[in-house]
Amino acid sequence: MGEISPAQLDGIPAYGLPKPASPARDIEGEVEGQWIDLMRILRGLKTVTTPDLDEPIIKKSTEQDIADVRHLSTPDIPRPISNVIQEAYSIFNHRSRTNHKGFFSFTPANVTPLTWLGDVLVSAFNAHCSGSLTAAGPCAVETELVKWFASRIHFPSTAGGLFVSGGSIANMMAMTAARDQKLEWQNYPKGVIYIARQAHYSHFKAARILGFHAQQIRTVDSDTFGRLNTNHLEQLIQADKQNGLIAFLIMATFGYTETGLIDPLATISEIAQREGLWLHVDGAYGASLSLSLTRSGLARQLSTADSVSWDAHKLLFQTYGCGMLLVRDKSHLVSSFHAQSSFMDHTSRVKEDEPELWDMGVELTRPSRAMSLWFALRVLGTERIGQLIDHGMDLVELIQLKLETMREWEVITPASLGIITFRYHPELRKRQEKTLEKLNEDISRILLDTNTAAVMTVKVNDVLALRICCTNVRLTEEDVLELVKSMDEVARRLNMCMN
Ligand SMILES: *Cc1c(COP(=O)(O)O)cnc(C)c1O
């Protein structure tokens, strides 16, 4: 029996490559000499950001497609970069084109080459954005940018926060801070959280991760539009208090994912203050309204929150993984997220008014997400950012005006933050709910099957509606009027064929 090499033991076949004197130079050599090609690759990626109209808006992949992809998943022999780029194209082919002009579901990605150039900078510099020791520059920008966003929602000067991967994490961190400010540890089992029925599922998920039992969650009824019903909220809080429980957190929403609608924040914050609850406002989708040129007044209501989550990868043109948590008093984040350790001494490191980022969140090693956003914002300037945000909202208001002139269409929830829900409701089918559901589901399906548009259905208070989220800055007024026309044609044809 021959000797077994460690490589064989690990199940990695040995190819007999010579051992490089400098592995780094060996790896750089893969890229060096190919910069001309790489420029071509980058230019190619520009078209990836702006999909052709005939590309599949929502790619339907077969089992065989995915089997082929799996085949490319692991390293084996070395390959030239250009081949591997080709492989990447064939892998990423199996994705929804969320920045296609016909993509109106979820929140369309509004990514332009400007956005990912910011990512290229962030990756190339690869600053260790845990704190000022390793990334004084990017951390200073992050802190200032967060203060700037906080000032846009009229938070006081005590406010602060940090960049995180998105709204789900921001919501969970806010819930953690609320728990730590409002509950003594012995009372955790008595704490109660109020979440609206239509709230984003990350609220329920966060509560579970943080160890709150389902019985500690109150699902607050919706009003007729699907927003949080404040009467029911008050009743629930009173009942819980009478039962000796500790009502400590209201999770409100500024911009529901389904409808774009905004909770009645004035009333909710009045209840929160009177009853001593923490008010978190999930602005993952909607908080960017505060940067709008014409509608920012509405976002003033955010100023009454204790914490706000805000995704830059929704309305602020960022690639995925860029969100923020803002808190009214940044020391609350430090209370929840610092920890003592031999190599990071909280007490000696934290400056009174400028905590290190590693003491304000979950992550230690983190990319400078703020710098990616900074890049786009700095290039565009404040006014143009506002215009871009308004663009989609203007378009969806135009869609509403158009639908309102068409007798067979019914607006379910009005244009709000670039979202509208509506349905086809012809005279012939008055209140035949099952038929109407089928009709509207079919409209959605046919628009998708013909690659005309991804307009999905949602349930708004038990009504099945079509939903348009219209935030793509490439869309024009003609585009959206054309969309309404296509929907109407499809709807009429379906209605005629139905018996
Ligand atoms: C998108 C969204 C979230 C979740 O944010 P992620 O960035 O996807 O984690 C939470 N709440 C609302 C209202 C959202 O629109």
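Structure's up top.
Nothing here was measured: the structure is a model prediction, and the numbers come from that model.

Conventions adopted
- Residues numbered from 1 in each chain as written.
- Predicted model: local features only at pLDDT ≥ 70, side-chain atom pairs only at ≥ 80, totals over all residues.
- Heavy atoms only, no water.
- Near = heavy atom within 4 Å.
- Polar contact = N/O pair within 3.5 Å; in protein donor to acceptor, adjacent residues only side chain to side chain.
- Areas by Shrake-Rupley, 256 points an atom, 1.4 Å probe, with all protein chains shown as cover.
- Helix = DSSP H or I, 4+ residues; strand = E, 2+ residues; numbered from the N terminus.
- Nonpolar A, V, L, I, M, F, W, Y, C, P; charged D, E, K, R; others polar.
- Phe/Tyr/Trp six-rings, centres within 6.5 Å; stacked < 30°, edge-to-face > 60°.
- Buried < 20%, exposed > 50% of the residue type's maximum accessible area, 1.4 Å probe, protein only.
- Core = buried A, V, L, I, M, F, W, Y, C linked by side-chain atoms within 4.5 Å.
- Contact = heavy atoms within 4.5 Å.
- Expected span 1.5 Å × (residues − 1).

A. Up close: the site of the ligand. The ligand sits among 14 residues. The nearest are Ser168, Asp282, Asp311, His313 and Lys314. Residue Ser168 places a side-chain N or O atom 2.6 Å away from an oxygen atom belonging to the ligand. Within the side chain of Lys314, a nitrogen or oxygen atom sits 3.1 Å from an oxygen atom of the ligand. Taking 380 Å² as the accessible area of the ligand by itself, protein coverage stands at 86%. The element best represented in the shell around the ligand is helix α8 (residues 167–182), accounting for 3 residues. Split into classes, the residues belonging to the shell around the ligand amount to 2 nonpolar, 9 polar and 3 charged.

B. Structural detail: the packing of aromatic side chains. Under the defined criterion, the tally for this structure stands at 6 aromatic pairs. Look at Phe212 and Phe248: their rings are 5.6 Å apart centre to centre, the planes differ by 35°, and that puts the pair in the tilted class. Placement of the pair is Phe212 in the loop between α9 (201–209) and β3 (217–220) and Phe248 in strand β4 (residues 246–253), with a sequence separation of 36 residues. Residue Phe212 shares its accessibility class with Phe248, and that shared class is buried. Geometrically, the ring pair formed by Trp409 and Tyr424 is tilted, given 4.9 Å between the ring centres and 50° between the ring planes. Remark: Tyr424 occurs in strand β9 (residues 419–424) and Trp409 occurs in strand β8 (residues 409–416); sequence separation between them is 15 residues. Judged on exposure class, the residue Trp409 and its partner Tyr424 are both buried. Members of the aromatic cluster, connected to one another through ring pairs, are Trp148, Phe149 and Trp310.

C. A look at the nonpolar core. Core analysis: the biggest nonpolar cluster contains 72 residues, and Phe149, Ile193 and Leu316 have the highest contact counts within it. Counting residues per element, this core draws most heavily on β4, at 6 residues. Excluding its chain neighbours within four sequence positions, the residues that come into contact with Ile193 are Met175, Ala207, Phe212, Gln216, Ile217, Arg218, Phe248, Leu249 and Met251. Counting residues in hydrophobic clusters, the runner-up holds 28 residues, among them Met406, Val455, Leu466 and Val484.

D. Region of the structure containing helix α17 (residues 433–449). Given a rise of 1.5 Å per residue, 17 residues ought to cover 24 Å, and the 24 Å separating the end C-alpha atoms of α17 matches this to within 8%. Within α17, burial applies to Leu436, Glu437, Leu439, Asn440, Asp442, Ile443, Ser444, Ile446, Leu447 and Leu448. Looking at the packing, one finds that the buried side of α17 touches β8, β9, β10 (457–460), β11 (463–469) and α18 (477–497).

E. Fine view of unusual backbone geometry. The phi dihedral of His154 falls on the positive side, at around 60°, and the residue is not glycine. Judged by its relative accessible area of 36%, His154 is partly exposed. Unusually for a residue other than glycine, Asp462 sits at a positive phi of about 75°. On the secondary structure map, Asp462 appears in the loop between β10 and β11. Judged by its relative accessible area of 65%, Asp462 falls in the exposed class.

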